[in-house]
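Understanding the architecture of this molecule
Single-letter residue listing:
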Amino acid sequence: MLLPRAGGAAGRVSPPLAALSQVLRLERSRRTAIVFPLQKLERYLAPGTDTAPFRLFQPGLATLQRAEALFRSDRGHPIDYVSSAVRMDHAPPPALPEVCFIGRSNVGKSSLIRALFSLAPEVEVRVSKTPGHTKKMNFFKVGKYFTLVDMPGYGYRAPQDFVQMVEAYLQERHNLKRTFLLVDGVVGLQKTDHIAVEMLEEFGIPYVMVLTKIDRASRGLLLKNVLEIQEFVKKNTQGCFPQLFLVSSVEFSGVHLLRCFVAHVTGNLPSVEAS
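Residues numbered from 1 in each chain as written. Predicted model: local features only at pLDDT ≥ 70, side-chain atom pairs only at ≥ 80, totals over all residues. Heavy atoms only, no water.

**Observations concerning the overall build of the protein**
Tallying secondary structure elements over the protein gives nine helices and nine strands in all. The buried share of the protein, reckoned over its 275 residues, is 53%. Here the contacts in the protein between residues at least 6 apart in sequence split such that 76% fall between residues at least 24 apart. Working note: accessible area of the protein is about 12700 Å², and carbon and sulfur atoms make up 51% of it. (Helix = DSSP H or I, 4+ residues; strand = E, 2+ residues; numbered from the N terminus. Buried < 20%, exposed > 50% of the residue type's maximum accessible area, 1.4 Å probe, protein only. Contact = heavy atoms within 4.5 Å. Areas by Shrake-Rupley, 256 points an atom, 1.4 Å probe, with all protein chains shown as cover.)

This is the structure we're talking about:
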């Protein structure tokens, strides 16, 4: 769950590798693994495997830096908690392009959003050890550029009105540019994830899958899950972006690329090299 920080921002230090400037100090192979973790798996693919879905979105350094600036708050560019809502008539006006993050309880959604906002000391993200902590839709305004919505988790301890809340949001929020569907990178797609996919496909909502907790998966298990999900996306979806995004909120792998994709889909990087 994301909440406004109770105290001031003074003294708060961004985690290691939260900024691109820190990543650029690493040696090349480590740097590539942090920024483009999916590409790290390419060398272990069997000959003849289609690698196109591994490199559909591959922005350059300048574009990554422009995207990072959107996630770095300052006096002229505040990143603010706006409000929480359980019904659409309580949601803030749809004035800006919007993205939402949704996933199974305990998929690491709050940890990932905390990593994305790690350069914004005004915002505190509370990560609970208890699955299903987020019970409302939490709206965050990123300057004058876009809004990010933290949705309640589905599955274990989901709010009783979860289906009605999420369906209403997806159907009525006309400024929604992309839904980010988080999937546990260790266990892969689960039954509840399939239900979420079916809902997004039924409503015609453009979405992208994000594999979380990749630091907890062995290389072999991660590659297996990636290939299986890519095949699933190819055969069973129409609204899903073909490239998966791999992230570790602990190591910051994939976080910089995901920031860039968020900036891109909200229309804030019109000259991005790949889309």
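**Observations regarding the pairing of strand S6 (residues 146–150)**
For S6, the buried fraction is high: five of the five residues fall into the buried class. Burial along S6 is two-sided: the face carrying Phe146, Leu148 and Asp150 and the face carrying Thr147 and Val149 are both buried. Pairing of strand S3 (residues 98–103) with S6, which is carried by four bridges, proceeds in the parallel orientation. Across the sheet, glutamate 98 pairs through a bridge with threonine 147, a residue of S6. (Pairing = 2+ DSSP bridges.)

**Things to note about the pattern of salt bridges**
In the structure shown here, the tally under the stated rule is nine salt bridges. Among the ionic pairs, aspartate 89 bridges to arginine 87, the shortest N-O distance being 3.0 Å. Looking at aspartate 89, the relative accessible area reads 55%, which means it is exposed. Note on arginine 87: relative accessible area 44%, which makes it partly exposed. In this structure, the salt-bridge partner of lysine 109 is aspartate 150, at a minimum N-O distance of 2.6 Å. Taken as a pair, lysine 109 in helix H5 (residues 109–116) and aspartate 150 in strand S6 lie far apart in primary sequence, 41 residues in all. With relative accessibility at 6%, the residue lysine 109 sits in the buried group. Note on aspartate 150: relative accessible area 0%, which makes it buried. (Salt bridge = Lys/Arg side-chain N within 4 Å of Asp/Glu carboxyl O.)

**Observations concerning the side chain of serine 83**
For serine 83, the location among the structural elements is in strand S2 (residues 79–85). Note on serine 83: relative accessible area 18%, which makes it buried. In this structure, serine 83 is in contact with His90, Pro92, Met137, Asn138 and Phe139, ignoring residues within four places of it in sequence.

**So, the sheet that holds strand S9 (residues 245–246)**
If you trace the seven strands from one edge of the open sheet to the other, you get S2-S5-S6-S3-S7-S8-S9, paired in mixed fashion. Edge positions in the open sheet fall to S2 and S9, since each of these has one partner strand only. Where strand S5 (residues 137–142) meets S6, five bridges bridge the pair, whose relative direction is antiparallel. Counterpart to phenylalanine 140 in the pairing with S6 is leucine 148. The strands that helix H8 (residues 219–236) touches are strand S7 (176–184), strand S8 (207–212) and S9; relative to S8, the one it contacts most, it runs at about 165°. (Axes fitted to C-alpha atoms, helices over the stretch in contact; angles between N-to-C directions.)

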